[in-house]
Amino acid sequence: MKLSNRIVTVSPSLTLQITAKAKELKAQGRDVISFGAGEPDFDTPSHIKEKAIEAINNGFTKYTPASGMPSLKKVIVEKFSRDNALNFQENQIIISCGAKHSLFNIFQVLLNEGDEVIIPAPYWLSYPEMVKLAGGVPVFIETTQPNNFKIDAVALQKALTKKTRVLILNSPSNPTGAVYTKAELQAIADCAVKHSLYVVSDEIYEKLLYDGLKHVSIASLGEKIKDYTITVNGVSKSFAMTGWRIGYIAAPAEIAKAIGTLQSHSTSNPTSFAQVGALEALHAGEAACKKMVTVFSKRRDLIIKELSAIEEIIPFKPSGAFYAFCDISRTGLTAMDFATRILDEANVAVIPGEPFGSPHHIRLSFAISDEAICKGVKRIGEWVHTL
Ligand SMILES: *Cc1c(COP(=O)(O)O)cnc(C)c1O
């Protein structure tokens, strides 16, 4: 079969593959503990569900404007103002079918063939594939665990070429949980403005921060950087609404308009009643996520403490999101071998680092119960000692 050149260069999502395999083994009756989850294990808060059900019952089941309904855009504008000290007009907001879709759209409207996009590694595995699908070229800047998995303006400057168009930032980060400080973002913003570089700021884990940290949106650091930033967010991670598929962006009006045009010929509007649910979530604000953050924070401490007791594994203590990213190079295995073997031999599912650009790390999600964390890490420790 002859498929397009566009698709043959793209790798399928490996995180989804491993979690599918773990689910399959569970279904066969194996007692698998999965650290694979890329989503909160909480249920969507009931007040959000009720609004969406009410919308369906009231017949709110038709098309909305392709770029999202005006009432939700209004609430998103309010959210940016309240949470991020950012002022936008409604024509700068586009609502899409999840933040993943928002990101896909952004690269489609920003990139021409051969344009370079800087991606700090380790990275969320979809970024390079999305860039390639838009004809762009991913350029990676390596970061290390001792440097808290962060780039700085010096590294950014070094990676620039005549073809550089975009920098992707993801703070808090998936897979590392690293969080940039305001000062670090300011230095990066200055460099971006100086070189007319667009910044795609994926802030989907904004609400999942620990140790009392406050989220900083890079776009809020001045009018100039705001004009170069596309801020991406959504309700999936903050409100346990992954299946609802609602994400959004705030961007300079011209970029937002282009994304709206693209979307009007692809998906059209995101699901009408899911938008109503998102409106309720964003309107009600943080109360719902606060409870979740308290639980995640305790689990983070637990998993880091347990993992730290295993000599061959060096966990990175995340400041945000719900992943423990661990250096496993002392085991002598590649992450892929580690993940494949531990699932077969010890019934533990972990995500290997290769698709995140980090072949000596594994990612453990702590969006599971305390009991599962303890049991799972115990298995990891015992299994590692048999190597
Ligand atoms: C989960 C995730 C997304 C996508 O979220 P959706 O809104 O569910 O599409 C985007 N970026 C990162 C880093 C994520 O982990």
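Small disclaimer: the values here were computed from a predicted structure and weren't measured. (Residues numbered from 1 in each chain as written. Predicted model: local features only at pLDDT ≥ 70, side-chain atom pairs only at ≥ 80, totals over all residues. Heavy atoms only, no water.)

Asks: Before we move on, could you go through helix α12 (residues 287-308) and cite the residues and values that matter?
Replies: With 22 residues, α12 should reach 32 Å at 1.5 Å per residue; the first-to-last C-alpha distance of 32 Å fits that figure. Listed in full, the buried residues belonging to α12 are Cys289, Met292, Val293, Phe296, Arg299, Arg300, Leu302, Ile303, Ile304 and Leu307. On its buried face, α12 sits against β9 (314-316), β10 (323-327), β13 (361-365) and α14 (370-385). (Helix = DSSP H or I, 4+ residues; strand = E, 2+ residues; numbered from the N terminus. Expected span 1.5 Å × (residues − 1). Buried < 20%, exposed > 50% of the residue type's maximum accessible area, 1.4 Å probe, protein only. Contact = heavy atoms within 4.5 Å.)

Asks: Provide a residue-level description of the site of the ligand, including the pertinent values.
Replies: In the vicinity of the ligand there are 13 residues, among which Ala99, Asp202, Tyr205, Ser236 and Lys237 approach most closely. At 2.9 Å, a side-chain N or O of Asn174 approaches an oxygen atom of the ligand. Contact between the ligand and Tyr205: an oxygen atom at 2.7 Å from a side-chain N or O atom of the residue. About the coverage of the ligand: the protein hides 94% of its 390 Å² of free accessible area. A breakdown of the residues in the shell around the ligand according to their chemical character gives five nonpolar, four polar and four charged. (Near = heavy atom within 4 Å. Polar contact = N/O pair within 3.5 Å; in protein donor to acceptor, adjacent residues only side chain to side chain. Areas by Shrake-Rupley, 256 points an atom, 1.4 Å probe, with all protein chains shown as cover. Nonpolar A, V, L, I, M, F, W, Y, C, P; charged D, E, K, R; others polar.)

Asks: Describe the nonpolar core, and please don't skip the residues or the numbers.
Replies: Grouped together as the largest cluster of nonpolar side chains are 77 residues, with contacts concentrated most on Phe35, Phe107, Ile303, Phe338, Leu364 and Ile380. If one sorts the elements of this core by residue count, α12 sits on top with seven residues. Two domains each put at least three residues into this core: domain 1 (5-44 + 287-384) and domain 2 (62-284). Excluding residues that lie within four positions of it along the chain, Ile380 makes contacts with Phe35, Ile310, Ile313, Phe338, Ile342, Val348 and Leu364. Ile48, Phe88, Val235 and Leu282 belong to the second-largest nonpolar core, a separate cluster that totals 27 residues. (Core = buried A, V, L, I, M, F, W, Y, C linked by side-chain atoms within 4.5 Å. Domains from an automatic or database assignment.)

Asks: Which residues make up the domain arrangement of the protein chain, and what are the values?
Replies: The domains assigned to the protein chain are domain 1 (5-44 + 287-384) and domain 2 (62-284). The gap between the C-alpha centroids of domain 1 and domain 2 is 25 Å. Listed as interface residues are 40 residues of domain 1 and, on the opposing side, 36 residues of domain 2. Both faces combined, the contact of domain 1 with domain 2 buries some 3000 Å², and carbon together with sulfur accounts for 62% of it. By the criterion of area lost to domain 2, the three top residues of domain 1 are Phe316, Ser319 and Phe356, representing 20% of everything that side buries. Taken together, domain 1 and domain 2 are joined by one salt bridge. Its salt-bridge partner being Arg300, residue Asp211 comes within 2.7 Å of it at the nearest N-O pair. Our count for the domain 1 to domain 2 interface comes out at 15 residue pairs in polar contact (both at pLDDT 80 or more). Counting only elements with at least two residues in the side of domain 1 that touches domain 2, the list comes to α1 (5-8), α2 (14-27), α12, β9, β10 and β13. (Buried area = accessible area lost by both parts, 1.4 Å probe. Salt bridge = Lys/Arg side-chain N within 4 Å of Asp/Glu carboxyl O.)

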